[in-house]
Amino acid sequence: MNKRTSSGRRKRRSARQFKRTVVLVSTVLLLMTGMMAFRSMTLQAKNNEYKSQEAELNQEIEKEKERSSEVEEYQEYVQSDEYVKDVAREKLGLVDPDEIVFEPAE
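Just so it is clear, the model here is predicted, and its values are computed rather than measured.

## Things to note about helix H2 (residues 81–92)
Structural remark: α-helix, 3.6 residues per turn; residues separated by three or four positions point the same way. Taking 1.5 Å per residue as the helical rise, H2 with its 12 residues ought to reach 16 Å, and the 16 Å between its terminal C-alpha atoms agrees with that figure. Among the 12 residues that make up H2, 1 are buried, leaving the element largely open to the surroundings. In the stretch just after H2, Gly93 is the one whose phi turns positive, near 75°.

## Overview of the pattern of salt bridges
For the coordinates displayed, the defined rule picks out 4 salt bridges. One salt bridge in this structure joins Asp96 and Arg89, with 3.7 Å as the shortest N-O distance. Assessed through its relative accessible area of 36%, Arg89 is described here as partly exposed. The salt bridge partner of Glu99 is Arg89, with a shortest N-O separation of 3.4 Å. With Glu99 in the segment after H2 and Arg89 in helix H2, the pair connects residues that are 10 residues apart, well separated along the chain. By sharing partners, the salt bridges in this structure join Asp86, Arg89, Asp96 and Glu99 into a single network.

Cut-offs and rules
- Counting from 1, residues in each chain are numbered in the order their sequence is written.
- Owing to the predicted nature of the model, reporting of local features is limited to residues with pLDDT of at least 70; listing and counting of side-chain atom pairs is limited to 80 or more, with chain, interface and lining totals taken over all residues.
- Side-chain metrics in this entry use all non-hydrogen atoms of the structure; hydrogen atoms and water are not considered.
- Under the DSSP-based scheme used, a helix requires at least four consecutive residues in state H or I and a strand at least two consecutive residues in state E, with every element numbered from the N terminus.
- Multiplying one less than the number of residues by 1.5 Å gives the expected span of a helix.
- Residue burial is assigned from relative accessible area. The probe radius is 1.4 Å, only protein chains are included, and a residue is buried under 20% of its type maximum, exposed over 50%, and partly exposed in between.
- A carboxyl oxygen of Asp or Glu within 4 Å of a side-chain nitrogen of Lys or Arg is what we treat as a salt bridge.

Quick look at the structure:
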């Protein structure tokens with residue numbers, strides 16, 4: 001009878017240990033899953049932030065490209081005869097020899 005009680009105790013102990021082990025492993029797995037979910041959300045938020053920042057930078061690049069083309073056009077204009085004539089009219093009051101100037105009456 002002694003043998004039966006000791007083997008019964010062993011079975012109960014091993015059953016308890018098994019339950020504890022299962023609970024411990026389950027708890028660890030749940031914690032790891034929770035940490036991974038939290039980390040995933042954090043990374044997704046950073047990714048969204050980086051995407052919006054990328055969109056803003058792309059808009060700035062487009063604006064700068066437009067500005068660059070405007071500067072190039074202005075540079076071509078400055079090097080033209082038309083610019084020289086415009087500056088001579090505005091700053092120096094000069095006119096072409098065949099032009100007639102009308103001045104407003106006072």
